[in-house]
Amino acid sequence: MRNDWYKDRVFYQIWPRSFMDGNGDGIGDLYGVYDRLDYLKSLGIGGIWFSPLYPSPNADFGYDISDYCAIHPDYGDLDIFKKVVARAHELDIKIVMDLVINHTSDEHEWFVKSRDKSSPYRDYYFWKKGKKPGKAPNNWDSFFENEAWSYDLESGEYYLHLFSRKQVDLNMDNPAVREEVKKILRFWLEMGVDGFREDVITFISKPEGLPDDRFGVGVRGMRLFESGPHIHEYLQEFRTDVLDHYDCFVLGEAPMMTPKKARPYLAGSHPDLDLMFNFQHMEADCLFTEYIPLPFSLPKLRRAFDRWQKDVPWTALYLENHDHPRIISRYGSEKYRVESGKMLAVSYLLQKGTPFVYQGQEIGMTNIALPSIDDYVDCMALKHYYNDVKKKPAEKVLPKIQKATRDNARTPVQWSADKNAGFSTADPWFPVNPNYREVNAASQENDPDSLLNFYRALIAFRSRSELVRFGDYEDLAPAHPHLYVYKRSCKGENLLVLCSFTEKPCHFRLPEDLSAKIADASLGGATGGMVPEIIFNNYPCDIAEKEFTTRPYETRVYRWNA
Ligand code: TEU
Ligand code: CA
C-alpha cells in the first residue's frame, strides 16, 4: 500500500555525529535527537532523513557500513532508535533511513569473508586480477582516492571501490546480494521507518566485464556505471519484492543526473524511485564538479532550477546537505548572512517538489576555516589536498580546501551561546564554528525577525498551500544576471517570488497584471478576491511600489488572485 504523503511534507536531514550530544561524550547521538524532536516539530517539518546511524569504522563517517541492522554505539542502540521513531510518529514526523548499498565497509563481515577465494561471499564484491602485475584491472578513477582498485595481499587480487578503499563496491549482479538488500529493507520497515534515501543508487549496476573507460573525462568509469545496464531492473525488483508491501517512499541520490535521464526512473504507475536528489543546481559555482570554487553564476543555478521544475513531475528540493559547504557561504553572503539566508530559503522552498532542510541551515550556519590540513577529516578534501600539494605550495592549496570541504557542513549544530554552542558538555569531536555566540538557535527562538522564525513561517505557509505544492511554475526573468523571479499559479491564485542573488542594486518592475491588481486594490476596487499582499520579505517594503531598486540579497513574495 502506497500513497503520496511525501509530497505534502518538508523533511529535515540529520547528520547524527554533529546534531546533538545527549550523553556528554562530545559526539552527537540519538538521545540528543530525542531531546530535540519538539524543536523539529516547532520548525514544522514532517519527516527526518537520518544520515547513516549504523556501525561504521567512519572512514567516510557512516557511509562505510559494517553492520546494516544495528545502531552505531556512538549513537545509541536499537532501543533508543525505537523510542525516537515512536515519539516522532506521535508528532506526525516520518523517519527516512539512509541506505548505502553501492558499497560496504571493508570491515563488514561479508568483505572479510570474501578475502577467501572459496567463500560464498567472494562474489559479493568485484575481485579481479590485475591487467599485469602491478596494474589495476581497469582504468577507473575513485572519487576519494586516485584509483578505483586496491590490491589485497592476502587474496592476491584487486577489489573495486568507487569511493575510498574502505568502501568496497558490492556486486549487485549477484542475486544473493540483492536478497541481502531486501533483508535490510524489510528489517528497517518492520522497525517502522517510512522511507529510504538511497546513496549513489544510480551507480549500483556495473557494466559487464568492467571495461576500461576510453573517453573518460572527469572521473573515469563514471559514464559506464552511472545508470548501468540493469539499474531499472534492480530497482523494480526491490520495489516489487519489498517496498510495495509497505507505506513508504524511496528517494534516490543521483550524481550527474539530468531531467531527461531522470524520467525513466520517475515515470509510470510503478516508478523505480519516487524522488531524486540531483546535483545540477549545486554546480553554480563549479565547486562540486571541479573542486575549485569559481564565482557564483545565477544563470547556471536558474537553468538547473527551471529544468527540474519543468521537465520532471516531482523532485526533491535542497540547497544543503552533509556533502556541500554551507549555502550562505556559497550562493549567499556571510556579510549579509540573515538577509541572504532568507532569500535562499525563499528561492527553493516555494518551488514544486519535496523540500529538505539540512541541520543548521535554518539558523544560518556558515563555513568554518581551520588553520591546518590536519584539522580536517573529510577524506575527499584530504585526497584533493595531497594531490595538489605535489604541484602547488601548501598556502595556495589550503584556502581552496577550506572553501570546498564537506567538513564545512559537519561542524556541531549551534544550539546556544553556551560552552560548545550547547551541543555537548564535553569537548566536541569536531570544532564548533567560532561564530556560535552570534549564530545560534536559542538567540533566534523568540526574535520575530530571525532566520529560524522565517523558516518556520515559510514551512507553515508551504504546508497549508495547495498552490505551492501543486501549482504551475514559470520563470519570469529567464535572462537576468542577478535576479531570480518566478511565478507559481493554481486555480486563480498567484505567487510572485523575487530573489536577488547579489548585493548590487538591481532595477525591478512588477509585471503588469500584478501592478494593475495593486492599483485596483488601492482604489478600493478589489472585489471578491484577496487584496494583493507581500507575504515574505527581508527588508521593509511597500506594496505600492510598482518598480524599485533591490537591496543586497533582497527577497519579496507577492500573493494575489487573478
Ligand atoms: O555522495 C555521493 C557523491 O556524489 C559524493 O561522492 C560526492 O562526490 C562527494 O560527497 C562530494 O560532494 C554519497 C554520500 O552523500 C556521501 O556522503 C558519501 O561520501 C558517498 O555517497 C559515498 O557513500
Ligand atoms: Ca554522545
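The rules behind each value
Residues numbered from 1 in each chain as written. Chains lettered and ligands numbered in written order. Predicted model: local features only at pLDDT ≥ 70, side-chain atom pairs only at ≥ 80, totals over all residues. Heavy atoms only, no water. Helix = DSSP H or I, 4+ residues; strand = E, 2+ residues; numbered from the N terminus. Buried < 20%, exposed > 50% of the residue type's maximum accessible area, 1.4 Å probe, protein only. Lys, Arg positive; Asp, Glu negative; His and termini not counted. Salt bridge = Lys/Arg side-chain N within 4 Å of Asp/Glu carboxyl O. Polar contact = N/O pair within 3.5 Å; in protein donor to acceptor, adjacent residues only side chain to side chain. Contact = heavy atoms within 4.5 Å. Core = buried A, V, L, I, M, F, W, Y, C linked by side-chain atoms within 4.5 Å. Pairing = 2+ DSSP bridges. Phe/Tyr/Trp six-rings, centres within 6.5 Å; stacked < 30°, edge-to-face > 60°. Lys NZ or Arg CZ within 6 Å of the ring centre and 35° of its normal. Donors = N, O, S within 2.8 Å, 3.2 Å for Na, K, Ca; no water. Near = heavy atom within 4 Å. Areas by Shrake-Rupley, 256 points an atom, 1.4 Å probe, with all protein chains shown as cover. Nonpolar A, V, L, I, M, F, W, Y, C, P; charged D, E, K, R; others polar. Domains from an automatic or database assignment. Axes fitted to C-alpha atoms, helices over the stretch in contact; angles between N-to-C directions. Parallel < 35°, antiparallel > 145°, perpendicular 65-115°, else oblique. Left-handed = near helix turned anticlockwise from the far one by under 90°. Buried area = accessible area lost by both parts, 1.4 Å probe.

K.L.:
Please give an account of the side chain of Asp-29 that cites residues and values.
P.N.:
Structurally, Asp-29 can be placed in the loop between strand E1 (11–14) and helix H1 (30–35). Summary of buried charges: Asp-29 has no salt-bridge partner, and the nearest side chain of opposite charge, Arg-17, is 9.7 Å away. Only 2.8 Å separates the side chain of Asp-29 from the backbone nitrogen of Gly-32, close enough to count as a polar contact. Excluding its chain neighbours within four sequence positions, the residues that come into contact with Asp-29 are Pro-16, Met-20, Asp-21, Gly-22, Asn-23, Asp-74 and Tyr-75.

K.L.:
Tell me about the nonpolar core, and name the residues and values.
P.N.:
Core analysis: the largest hydrophobic core is formed by 132 residues, its most contacted members being Phe-50, Phe-81, Trp-188 and Phe-196. Ranked by the residues each element gives to this core, the list is headed by helix H16 (residues 451–464), at seven residues. Residues Tyr-158, Phe-163, Leu-210 and Cys-379 belong to the second largest nonpolar core, which totals 32 residues.

K.L.:
Tell me about the sheet that holds strand E7 (residues 157–160), residues and numbers included.
P.N.:
The three strands are arranged E5-E7-E6 in an open sheet whose pairing can be described as antiparallel. A strand with exactly one partner marks an edge of an open sheet, and here the two such strands are strand E5 (127–128) and strand E6 (149–152). With four bridges connecting them, E6 and E7 associate as antiparallel partners. In the strand pairing of E7, Ser-150 is matched with Tyr-159.

K.L.:
Got a sec to walk through the packing of aromatic side chains? Specific residues and values, please.
P.N.:
Using the criterion set out here, one finds 44 aromatic pairs in the structure. Look at Trp-49 and Phe-277: their rings are 5.4 Å apart centre to centre, the planes differ by 35°, and that puts the pair in the tilted class. Taken as a pair, Trp-49 in strand E2 (residues 47–50) and Phe-277 in strand E11 (residues 275–277) lie far apart in primary sequence, 228 residues in all. You can call Trp-49 buried: its relative accessible area is 1%. Judged by relative accessible area, which is 3%, Phe-277 ranks as buried. Measuring from centroid to centroid gives 5.2 Å for Tyr-151 and Tyr-158, while their planes differ by 65°, and the two rings are edge-to-face. A relative accessible area of 47% places Tyr-151 in the partly exposed class. Note on Tyr-158: relative accessible area 8%, which makes it buried. Members of the aromatic cluster, connected to one another through ring pairs, are Trp-5, Tyr-6, Phe-11, Trp-49, Phe-249, Phe-277, Tyr-318 and Phe-356. Above the plane of the ring of Trp-314 lies Lys-7, whose end atom (NZ or CZ) is 4.9 Å from the centre. One residue, Arg-17, lies across the ring of Trp-429, its end atom 5.2 Å from the ring centre.

K.L.:
Mind laying out the pairing of strand E9 (residues 195–198), listing which residues take part and the relevant values?
P.N.:
Because side chains alternate across E9, one face comprises the buried residues Gly-195 and Arg-197, and the other comprises Phe-196 and Glu-198, equally buried. Two elements, strand E3 (residues 94–99) and E9, share four bridges in a ladder whose sense is parallel. Its bridge partner lying in E9, Leu-99 is registered against Glu-198. Sheet topology places E9 next to strand E10 (residues 249–253); four bridges connect them, and they run parallel. The residue of E10 that forms the bridge with Gly-195 is Phe-249.

K.L.:
Let's hear about the coordination of the calcium ion (ligand 2): which residues, and what values?
P.N.:
Those donors, Asp-21 (OD), Asn-23 (OD1), Asp-25 (OD), Ile-27 (O) and Asp-29 (OD), are the protein atoms that reach the calcium ion (ligand 2), and they lie 2.2 to 2.4 Å from it. Mapped onto the sequence, the residues coordinating the calcium ion (ligand 2) show the spacing D-x1-N-x1-D-x1-I-x1-D.

K.L.:
Can you lay out the site of ligand 1 for me, pointing to particular residues and giving the numbers?
P.N.:
Around ligand 1 sit 18 residues, and of these Asp-60, Asp-199, His-322, Asp-323 and Arg-406 come closest. Between ligand 1 and Asp-60, the relevant distance is 2.4 Å, taken from an oxygen atom to a side-chain nitrogen or oxygen of the residue. Interatomic distance of 2.5 Å between a side-chain N/O atom of Asp-323 and an oxygen atom of ligand 1. Protein contact buries 98% of the 480 Å² of open area that ligand 1 shows by itself. Split by residue class, the shell around ligand 1 holds eight nonpolar, three polar and seven charged. A domain-level breakdown of the shell around ligand 1 finds at least three residues from each of domain 1 (5–103 + 175–370 + 406–459) and domain 2 (109–168).

K.L.:
Go over the environment of Ser-329, please, and point to the residues and values.
P.N.:
Here Ser-329 lies in helix H11 (residues 327–330). Judged by relative accessible area, Ser-329 falls into the partly exposed class, the value being 23%. Distance from Ser-329 to Ile-518, taken between C-alpha atoms, is 36 Å for residues 189 residues apart in sequence. When residues no more than four places from it in sequence are discounted, the contact partners of Ser-329 are Glu-334, Thr-366 and Asn-367.

K.L.:
Describe the packing of helix H8 (residues 259–266) against helix H10 (residues 298–311), with residues and values.
P.N.:
Packed helices, taken two at a time, are described by the angle their axes make and the gap between the axes. The contact between H8 and H10 brings their axes to 10 Å, and the two run at 30°. Put simply, H8 runs roughly parallel to H10. Here H8 runs over H10; the crossing is right-handed. Contacts between H8 and H10 involve Pro-259, Ala-262 and Arg-263 on the former and, on the latter, Arg-307, Trp-308 and Asp-311.

K.L.:
Tell me about the domain arrangement of the protein, and please be specific about residues and values.
P.N.:
Here the domain parsing of the protein yields domain 1 (5–103 + 175–370 + 406–459), domain 2 (109–168), domain 3 (371–405) and domain 4 (472–561). Summarising the inter-unit geometry, the C-alpha centres of domain 1 and domain 4 are found 31 Å apart. Between domain 1 and domain 4, the contact holds 28 residues from the first and 26 residues from the second. Counting the surface lost from both domain 1 and domain 4, the interface buries some 2,100 Å², and carbon and sulfur atoms represent 67% of this. Area buried by domain 1 at its contact with domain 4 is led by Arg-302, Met-343 and Leu-350, which between them contribute 28% of it.

K.L.:
Give me the sheet that holds E11: which residues, what numbers.
P.N.:
If you walk across this open sheet you meet the eight strands as E11-E10-E9-E3-E2-E1-E13-E12, and the pairing is parallel. Unpaired on one side and paired on the other, E11 and strand E12 (316–317) mark the two borders of the sheet. With two bridges connecting them, E12 and strand E13 (residues 354–358) associate as parallel partners. Across the sheet, residue Ala-316 finds its bridge partner in E13, namely Thr-354.

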